[in-house]
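Residues per chain are reported as follows:
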Amino acid sequence: MNFPPTSPSILELNSWVWLREQQHRLDTLSPDDIEPIVRHRDYVWLMGLWERSEAGRTIALNHPGLQYEFRRALPDLHLEDVVGSAYAIRRYTVDEHLGSEAGLRRLRRLLNDRLGVGVIVDFIPNHCAVDARWPSEHPEWFVPCLDASGNGCFRTGDAHLSHGRDPYFPAWTDTAQFNYAYPEARRVLLEQLLSIAERADGVRCDMAMLMLREVFARTWCQDPGVEFWAEAIATVKARHPGFLFIAEAYWGLEWNLMQLGFDYCYDKTLYDRLCRRDAHGIAAHLRAEPRFSERVVRFAENHDEPPARQVFGQSWWNATLLCATVPGAFLEYLGQGERTVRLPVQLGREAKIASHPPARRFLDRLAAFRRTLGERFVVYDVPHPQVVAYRRGQYDFFLNLGDQGVHLSSQDAVLVLPPHGASVVSVPEDGARPAAGDIAWLDEVQPVHAQAL
């Protein structure tokens, strides 16, 4: 099948939690189980699909900070709810609690052939689980312990190795840090990517900027000498031209990763400015060159960030509407607009969430609506500090990110935006007069208002 080359809509599923709620495994899902949630989406990201670490589970069960987070998210926490981190991987095979490799192949066929949806899975390039077979069998593939105090390190056999880490945060104690200065380690990781590309349509690459040559050298005092991503992406795409590479990226390094071959990178800048309700900063960011702005992933929620309702309050509709209707890919997290507490990736069950049908209808219709948007994109100059306004295709969008009502005046009319409100105006384009019904569904989502000129 041919997946859309630009602006895909991606739905993230917490695989363990969702399958448990469905009382299914990958092998037993039917079209009726999956079609209602992936309708109008281009890809489904099966987050947390791979085999988890028993050592990591034990670490999580004995970590006071994590225990606090677990009980905050799941007050009736049980021992079996802690399943180990989705990002401390023992092997890139489907976790037996979720199904089988045959089940993944079956689900992918169903999604690809029947529903026209691609499958994205995780690739964790920075590290593997401490109890994966590689640290004990090939310790030379990993960064040796560089800390004389032993903090951030672990022992396996005779080897003393470093845990994986982001240089700005404590080490992830359930992981072992790959050494990108060691050619054999890079070769094995490339082989792993090629194996994944046989079984999926794309990868979301965890903390992709940590593999950049400059970042790795600065973090571990060893220079890999090459850019891993340049070789890896080129090699995979030579065999699988349509395979999608998405980078989780921070620190303003998105363009660097795009230059190495990534199709899309996280847009944390937009997210942060949305969190600050920085309308002028958002407008400036949206004016970036198309070669950048069309290759970022916009999001108001994902498994790493707090729920959109917690962060944006009543403006979660606005933040989501903006992310879905500006250029770039759009990432939606299943349950967005309903949950109020972030679920740690070590848990396999989520607290019962009260169903909110308006939120579900909004997201479903928004996914369909964004497919109708034209290519034209213009950001308007708006003096008001809490309003973002832009044209996308045949629609004008006016979003009030603040908690005070706004009156916007022009020569022709006065536009009233309620607190946390928005107006989507269908306007003529090339002489055509769009039907008001195209966006009438937005009127169901107060305080979002739709109208036609």
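Residues numbered from 1 in each chain as written. Predicted model: local features only at pLDDT ≥ 70, side-chain atom pairs only at ≥ 80, totals over all residues. Heavy atoms only, no water.

Per an unreviewed UniProt entry, the protein carries the name Alpha-amylase and comes from Gloeobacter morelensis MG652769.

Overview of the side chain of Asp201
Checked against the element boundaries, Asp201 lands in the loop between α7 (183-197) and β10 (202-205). Here Asn112 takes part through its side chain, which lies 3.2 Å from a polar atom of the side chain of Asp201. (Helix = DSSP H or I, 4+ residues; strand = E, 2+ residues; numbered from the N terminus. Polar contact = N/O pair within 3.5 Å; in protein donor to acceptor, adjacent residues only side chain to side chain.)

Some remarks on the packing of aromatic side chains
Aromatic ring pairs are reported here in terms of the distance separating the ring centres and the angle at which the planes meet. Here the structure, examined in full by the defined rule, presents 25 aromatic pairs. Aromatic pair Tyr92 and Phe123: ring centres 5.9 Å apart, planes at 40°, arrangement tilted. Separated by 31 residues along the polypeptide, Tyr92 in strand β4 (residues 89-94) and Phe123 in strand β5 (residues 118-123) bring together distant segments of the chain. Put simply, the rings of Trp50, Tyr92, Phe123, Tyr180, Phe216, Phe228, Trp229, Phe243, Phe245 and Phe262 pair up and form one aromatic cluster. A cation sits over an aromatic face here: Arg165 above Trp220, 4.9 Å from the ring centre. Geometry around Tyr333 places Arg339 over its ring, the cationic atom sitting 4.3 Å from the centre. (Phe/Tyr/Trp six-rings, centres within 6.5 Å; stacked < 30°, edge-to-face > 60°. Lys NZ or Arg CZ within 6 Å of the ring centre and 35° of its normal.)

Focus on the side chain of Asp206
If you trace the backbone, Asp206 turns up in the loop between β10 and α8 (213-220). Polar side-chain contacts of Asp206 include one of 2.9 Å to the side chain of Arg204.

So, the environment of Ala55
Secondary-structure assignment places Ala55 in helix α3 (residues 54-61). Residue classification places Ala55 among the partly exposed positions, given a relative accessible area of 25%. Distance in space between the C-alpha atoms of Ala55 and Thr175 is 9.5 Å, their sequence separation being 120 residues. Not counting chain neighbours up to four residues away, the residues in contact with Ala55 comprise Val130 and Asp131. (Buried < 20%, exposed > 50% of the residue type's maximum accessible area, 1.4 Å probe, protein only. Contact = heavy atoms within 4.5 Å.)

Description of the pairing of strand β13 (residues 296-299)
Burial along β13 is two-sided: Val296 and Arg298 facing one way and Val297 and Phe299 facing the other are all buried. As paired elements, strand β12 (residues 264-266) and β13 share two bridges and run parallel to each other. Considered in β13, the bridge of Cys265 is made with Val296. Strand direction decides the pairing type here: β13 and strand β14 (residues 329-333), joined by three bridges, are parallel. Bridge pairing links Arg298 to Phe330 in β14. (Pairing = 2+ DSSP bridges.)

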